[in-house]
Amino acid sequence: MNKIIVTGGLGYIGSHTAVELSNTFQVVIVDDLSNSSIDVLDGISKISNRTPIFEKLDLKNKENVGKLFDRHSDAVGLIHFAAYKAVGESVENPLKYYENNLSCLIYLLQEINNLNQSFNFIFSSSCTVYGQAKKLPINEKESIKKAESPYGNTKQISEEILFDYCRVNPKINVISLRYFNPIGAHDSCEIGELPIGVPQNLVPFITQTAAGIHEKVTVFGNDYNTPDGTCIRDYIHVTDLAKAHIVAIENLILKKSKSNYNIYNIGTGNGTSVLEMIKSFIKVTGLELNYIIGPRRKGDVESAYADNSKAMKELNWKAENSIEDAILSAWNWEKKIRSL
Ligand code: NAD
Ligand code: WQD
């Protein structure tokens, strides 16, 4: 079995990807547990009937990264999820974000270069790089706007680093996946999203409210230029997103692309408004949900949903789950972790 290193593999998206990878790859998870728990490893092992190799280490320590590659010089690829991702915190503490998100990437790329062999690398990017796009659905040719936050800027800078690196390292093949809005949990309810503190994202806030942790959901603005006035996003089931990484790494291993740096949008292609999400939650769960309309949230874009035709054509990938499947899985996960 080919060996793949998964950095941030105990986090939300990394854990779901580790499960999918386990079918065909030997998985090495690297995580410093800064935003995850070691229990997630049990969840992954239970679902996949295999325990991944686990390396607890901090990738912003250059020496650690060197040692990691000494131990796993036989790896054929790496999927790089490890990063800090809280947009608000990045505004308050930008250097924390620039240091972690950029130094981990640079140290990994330096070690990969030292291997002096062909290597495959997938980077977790984000639709946040587009800001408010001029044209919807958003395709990969959309221009990149000045980032709204240091977090978003780390994704833009990382993509530029990868572009420059690939130009002079033809043996290294890279794909950046620009995720839209991942939601939901694995159908087994063994793994899911574990937000720390009060969630900033819509779906965990909805499920926590339904679980009685918050009194109500505040809809951030209903005066946008959209059919119901609330913002539109492309919510994608995390398992569909995880599967995109498998086809992407396989595409690289099989050298299917002429270019050694490619970017793909990973979204369903459908836009859903905040009010539609709330109504969908009420419909699929049969529960009441207390919500009010509040003011706009600073930095929010009005509408963002993916043109995913490039991923469909070149990676043969498409999302299989409906928005209802995704919302229900998020609720089932919330019930499981709250013992409801
Ligand atoms: P997450 O926080 O759940 O997972 C990230 C993992 O990386 C955590 O387990 C954390 O402990 C680990 N980590 C962070 N810094 C590390 C370091 N220096 N060394 C080792 N491990 C470290 O986040 P997620 O939602 O799974 O996101 C994964 C990636 O996808 C991130 O790069 C994020 O920016 C990107 N992304 C996420 C979303 C989203 O909405 N969740 C959207 C677009 C892009
Ligand atoms: C979705 C919609 C809110 C909470 C964020 C990051 C982005 C990316 C994905 C990583 C918006 C509205 C939310 C609430 C609400 N992450 N909302 N009430 O803003 O698209 O993107 O996650 O790269 O960088 O910024 O996702 O889930 O926060 O919000 O009305 O309590 O729900 O205004 O319209 P967003 P989100």
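Here's a quick rundown of the structure. (Residues numbered from 1 in each chain as written. Chains lettered and ligands numbered in written order. Predicted model: local features only at pLDDT ≥ 70, side-chain atom pairs only at ≥ 80, totals over all residues. Heavy atoms only, no water.)

Turning our eyes to something else, we now look at the overall build of the chain. What the chain contains, in helices and strands, is 11 helices and 13 strands. Expected size for 340 residues packed as a compact globule is a radius of gyration near 20 Å; at 19 Å, the chain falls within 12% of this value. Referenced to the eigenvectors of the C-alpha coordinate spread, the extents of the chain come out at roughly 55 × 45 × 40 Å. Scored against the burial criterion, the 340 residues of the chain give a buried share of 53%. Counting only contacts in the chain whose residues sit at least 6 apart along the sequence, the fraction spanning at least 24 positions is 79%. For the chain, the exposed surface amounts to about 15400 Å²; the carbon and sulfur share of it is 49%. In the chain, which carries 36 positive and 39 negative side-chain charges, the distance between the mean positions of the two groups comes to 4 Å. (Helix = DSSP H or I, 4+ residues; strand = E, 2+ residues; numbered from the N terminus. Rg over C-alpha atoms; globule rule 2.2 N^0.38 Å. Buried < 20%, exposed > 50% of the residue type's maximum accessible area, 1.4 Å probe, protein only. Contact = heavy atoms within 4.5 Å. Areas by Shrake-Rupley, 256 points an atom, 1.4 Å probe, with all protein chains shown as cover. Lys, Arg positive; Asp, Glu negative; His and termini not counted. Charge placed at Lys NZ, Arg CZ, Asp CG, Glu CD.)

Bringing the packing of aromatic side chains into the picture now. Enumeration over the complete set of coordinates arrives at 5 aromatic pairs. When the centroid spacing of 5.7 Å and the interplanar angle of 85 degrees are considered together, the rings of Phe281 and Trp331 count as edge-to-face. Of the two residues, Phe281 sits in helix 9 (residues 274–285) while Trp331 sits in helix 11 (residues 323–337), which places them 50 residues apart along the sequence. Note on Phe281: relative accessible area 1%, which makes it buried. The buried category is assigned to Trp331, whose relative accessible area is 7%. The positively charged end of Lys96 is found above the aromatic ring belonging to Tyr84, 5.0 Å away from the centroid. (Phe/Tyr/Trp six-rings, centres within 6.5 Å; stacked < 30°, edge-to-face > 60°. Lys NZ or Arg CZ within 6 Å of the ring centre and 35° of its normal.)

Here we take up the site of ligand 2. The local shell around ligand 2 holds 17 residues, among which Ser126, Tyr151, Thr218, Arg233 and Asp300 are the closest. One nitrogen or oxygen atom from the side chain of Ser126 is found 2.7 Å from an oxygen atom belonging to ligand 2. Here an oxygen atom of ligand 2 sits 2.5 Å away from a polar atom, N or O, in the side chain of Arg233. Coverage of ligand 2 by the protein chains reaches 86% of its 690 Å² of free accessible surface. By residue number, the principal contributor to the shell around ligand 2 is strand 8 (residues 217–220), which donates 3 residues. (Near = heavy atom within 4 Å. Polar contact = N/O pair within 3.5 Å; in protein donor to acceptor, adjacent residues only side chain to side chain.)

Attention shifts here to the nonpolar core. Formed by 34 residues in total, the largest nonpolar core has its most connected members in Leu21, Ile44, Ile122, Ile175, Leu177 and Ile266. Elements supplying a minimum of two residues to this core: strand 1 (3–7), helix 1 (12–21), strand 2 (26–31), helix 2 (39–48), strand 6 (172–179), helix 8 (238–253), strand 11 (261–266) and helix 10 (309–315). Per element, the largest residue contribution to this core is 7 residues, and it comes from helix 8. Ignoring any residue separated from it by four or fewer positions in sequence, one finds Leu177 in contact with Ile122, Phe123, Ser124, Ser125, Ser126, Ala244, His245, Ala248, Tyr264 and Ile266. In this structure, Val65, Phe121, Phe123 and Cys166 belong to the second largest nonpolar core, which totals 27 residues. (Core = buried A, V, L, I, M, F, W, Y, C linked by side-chain atoms within 4.5 Å.)

Moving on: the site of ligand 1. Looking at ligand 1, there are 29 residues lining it, with Asp31, Asn35, Ser36, Lys85 and Tyr151 nearest. Backbone polar atom of Tyr12 to an oxygen atom of ligand 1: 2.9 Å apart, as the coordinates give it. Phe81 is positioned such that a nitrogen or oxygen atom in its backbone is 2.9 Å from an oxygen atom of ligand 1. Expressed as a share of its isolated accessible area of 820 Å², the protein-covered part of ligand 1 is 95%. The leading source of residues in the shell around ligand 1 is strand 5 (residues 119–126), at 3 residues. Residue composition of the shell around ligand 1, by class: 14 nonpolar, 9 polar and 6 charged. (Nonpolar A, V, L, I, M, F, W, Y, C, P; charged D, E, K, R; others polar.)

Let's shift gears to the pairing of strand 6. Burial runs high along strand 6: 8 of the 8 residues are buried. Side-chain alternation along strand 6 places Ile172, Val174, Ser176 and Arg178 on one buried face and Asn173, Ile175, Leu177 and Tyr179 on a second face that is also buried. Bridge analysis of strand 5 against strand 6 gives 8 bridges, and the strand direction is parallel. Bridge pairing in strand 6 places Ser125 opposite Arg178. Of the crossover connections in this fold, the one passing from strand 5 over helix 6 (residues 150–168) to the parallel strand 6 is right-handed. (Pairing = 2+ DSSP bridges. Right-handed = clockwise from strand over helix to strand, strands pointing away.)

Residue Pro137 follows Leu136 across a cis peptide bond; omega there is -10 degrees. Structurally, Pro137 is set in the loop between strand 5 and helix 6. Of note, Lys255 is a non-glycine position whose phi angle comes to about 50 degrees, a positive value. Here Lys255 lies in the loop between helix 8 and strand 11. The class of Lys255 is exposed, set by a relative accessible area of 53%.

Looking now at helix 5 (residues 94–115). At 3.6 residues per turn, the α-helix brings residues three or four places apart onto the same side. In a regular helix each residue adds 1.5 Å, so 22 residues correspond to 32 Å; helix 5 covers 32 Å between its end C-alpha atoms and thus fits that length. Considered for burial, the residues of helix 5 that qualify are Tyr97, Asn100, Asn101, Leu102, Ser103, Cys104, Leu105, Leu108, Leu109, Glu111, Ile112 and Leu115. Residue Asn116 follows helix 5 closely and has a positive phi angle near 60 degrees. (Expected span 1.5 Å × (residues − 1).)

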